[in-house]
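# Observations on the three-dimensional arrangement
In case you want the letters, here they are:
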Amino acid sequence: MEEKELELLQLLEKNGRMEAEQIAIMMDISVEDTKHMIKKLEDENAILGYSALVDWSKVLKYEGVTAMIDVKVTPARGVGFDKVAERIYRFPEVKAVYLMSGAYDLSVSIEGTTMMEISRFVSDKLSTLDAVISTTTHFVLKKYKHDGIIFEDDDDEDKRILVSP
């Protein structure tokens, strides 16, 4: 991959809504070259899509729940963890699946409307898969930073620690 393509990907990763004209100026290339490069990267699936990062805590009447689930599995002969990971990521509730090092094999991120909905997913769908040995569910209580974006930053607050003598 060319250096300019990497630079373009980094810019779009930070702001997927950036216009081709703005990118062209920042990269010192023509708008036409910028559009061509974006199309090429989309066709090669280097750019998989564009999405908005939403702070759902700011949306009235929304009380969704996010959970991170550690999953210990038995890998399938010949395909390792890929087959069970695919089975898990095909559930619509699942937002992300990662192969991990450490005590658990997979980390699964899911979103639901209630804790009960997530617990039912774990007990009725995830735990019943033959390859799944055990799970540990962690509920997200508050999101501070996601994909490099800080969710709440109160600039008026004095962040210095006062120590009394």
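Predicted model only: the values in this text are computed from it and were never measured.

### Description of the overall build of the chain
When helices and strands are tallied, the chain shows five helices and six strands. The helix and strand sequence of the chain, counted from the amino end, reads α-α-α-β-α-β-β-α-β-β-β. Residues classed as buried in the chain amount to 26% of the 165 residues present. When contacts within the chain are restricted to residue pairs at least 6 apart in sequence, those whose partners lie at least 24 apart make up 57%. Of the accessible surface of the chain, which amounts to about 12500 Å², a share of 52% is contributed by carbon and sulfur atoms.

### Digging into the packing of helix α1 (residues 3–14) against helix α2 (residues 20–27)
Here α1 crosses α2 at 130°, and the two axes come no closer than 11 Å. The angle between α1 and α2 places the two elements in the oblique class. Classified by chirality, the crossing of α2 by α1 is right-handed. Residues Lys4, Glu7, Leu8, Leu11 and Leu12 of α1 form the contact with α2, whose own contacting residues are Ile23, Met26 and Met27.

### Some thoughts on α1
End to end, α1 covers 17 Å across 12 residues, agreeing with the expected 16 Å (1.5 Å per residue, within 8%). Within α1, the full set of buried residues consists of Glu5, Leu8, Leu11 and Leu12. Buried residues along α1 cover an arc of 125° about the axis, so they all sit on one side. Exposed side of α1, more than 90 degrees from the buried face: Glu3, Gln10, Glu13 and Lys14 are the residues found there.

### Quick look at the pairing of strand β3 (residues 106–112)
Most of β3 sits inside the fold, with six of its seven residues counted as buried. Bridging between strand β1 (residues 65–73) and β3 involves seven bridges; their strand directions are antiparallel. Among the inter-strand pairings, Val71 is bridged to a residue of β3, identified as Leu106. The sheet contact formed by strand β2 (residues 94–99) and β3 spans five bridges and is antiparallel. Bridged to Leu99 within β3 is Leu106.

Each value, and the rule that gives it
- Residues numbered from 1 in each chain as written.
- Predicted model: local features only at pLDDT ≥ 70, side-chain atom pairs only at ≥ 80, totals over all residues.
- Heavy atoms only, no water.
- Helix = DSSP H or I, 4+ residues; strand = E, 2+ residues; numbered from the N terminus.
- Buried < 20%, exposed > 50% of the residue type's maximum accessible area, 1.4 Å probe, protein only.
- Contact = heavy atoms within 4.5 Å.
- Areas by Shrake-Rupley, 256 points an atom, 1.4 Å probe, with all protein chains shown as cover.
- Axes fitted to C-alpha atoms, helices over the stretch in contact; angles between N-to-C directions.
- Parallel < 35°, antiparallel > 145°, perpendicular 65-115°, else oblique.
- Left-handed = near helix turned anticlockwise from the far one by under 90°.
- Expected span 1.5 Å × (residues − 1).
- Arc of directions from axis to C-beta.
- Pairing = 2+ DSSP bridges.

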